[in-house]
Amino acid sequence: MPRKEVITKNEILRCAFELAREEGIAEVTARKLANKVGCSTQPIFRAYHNMDEVLGDVMDHSIRFFERFYAEYPRETAEVPFLNLGMAYIGFAKEEKNLFHMMFLREGHGGRSLYELINGVSGNVMREIQLAKSLGCPDPEGLFMKMWIFIHGAASMTITGDYDLNRDDTRKMIQEVYASFKS
């Protein structure tokens, strides 16, 4: 008698993440997930107590995915604080619309603050604040808040199709916003 193929929790999570990435988190249902995994819903609920637990793991996996995306995103000049953060964040919105929406535009952010999500385990925001401080900014935290409103707004506009600036134009705009806010 052939041995049954075991569906692992990692395989379920991989498929749930792919489904969220391709179709959005609202489309990660037990039935659609089982179809993507190629099984019934039974292996899903053997590995997970409920779909909320699956969705929590998808969020955690997405956060790690964003952190890798940010770490690997091509770097700009280090002379303009928040430029790398802004370029990567807007780039993520352009390239990963469904994940961006799930992580940064939904209420609750998976139990984390928006700041926690963008700061990540590497201290992305704190590094940029320290850079602003080292360049003589008298209020680097206040500068971050102003820059963040612009950056998050631009990234959010990519989701609706209202932001269509290319990389060079985006870089220039972030630099101009920084220059207007820095003092």
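You'll find the structure just up there.
The sections below set out a description of the structure shown in this document. Everything numeric here is computed off the predicted structure, so don't read it as measured data.

About the cut-offs
Residues numbered from 1 in each chain as written. Predicted model: local features only at pLDDT ≥ 70, side-chain atom pairs only at ≥ 80, totals over all residues. Heavy atoms only, no water. Helix = DSSP H or I, 4+ residues; strand = E, 2+ residues; numbered from the N terminus. Buried < 20%, exposed > 50% of the residue type's maximum accessible area, 1.4 Å probe, protein only. Contact = heavy atoms within 4.5 Å. Areas by Shrake-Rupley, 256 points an atom, 1.4 Å probe, with all protein chains shown as cover. Lys, Arg positive; Asp, Glu negative; His and termini not counted. Charge placed at Lys NZ, Arg CZ, Asp CG, Glu CD. Phe/Tyr/Trp six-rings, centres within 6.5 Å; stacked < 30°, edge-to-face > 60°. Lys NZ or Arg CZ within 6 Å of the ring centre and 35° of its normal. Arc of directions from axis to C-beta.

Before going further, it helps to spend a moment on the overall build of the chain. On a plain count of helices and strands, the chain comes out with 10 helices and zero strands. Mapped in sequence order, the helices and strands of the chain form the string α-α-α-α-α-α-α-α-α-α. Considering only C-alpha atoms, the chain reaches an extent of 75 × 30 × 30 Å along its principal axes. Here the chain, with 183 residues, has 44% of them falling under the buried criterion. In the chain, the proportion of contacts linking residues at least 24 apart, taken out of those at least 6 apart, comes to 65%. Roughly 10100 Å² of accessible area belongs to the chain as shown, and the carbon and sulfur atoms make up 52% of that amount. Across the chain, the centroid of the 23 positively charged side chains sits 4 Å from that of the 26 negatively charged ones.

Going through the model one piece at a time under the given rule, you end up with 16 aromatic pairs. Consider the rings of Phe66 and Tyr70, whose centres lie 6.5 Å apart with planes at 40°: the pair is tilted. With a gap of four residues between them, Phe66 and Tyr70 both fall in helix 4 (residues 51–72), about one helical turn apart. In this pair, the class of Phe66 matches that of Tyr70, namely buried. The lysine or arginine in question, Lys9, covers the ring of Tyr48, its NZ or CZ lying 4.7 Å from the ring centre.

What helix 6 (residues 97–105) keeps buried is the set Leu99, Phe100, Met102, Met103 and Phe104. Down the axis of helix 6, the buried side of the element spans an arc of 165°, and every buried residue falls inside it. Structurally, helix 6 contributes buried residues whose contacts are with helix 1 (9–23), helix 4, helix 5 (83–95), helix 7 (114–119) and helix 9 (140–160).

Relative to the elements of secondary structure, Met173 occurs in helix 10 (residues 167–181). Separated by 23 residues in the primary sequence, Met173 and Phe150 place their C-alpha atoms 9.8 Å from one another. Setting aside residues no more than four positions away along its own chain, Met173 makes contact with Phe150 and Leu165.

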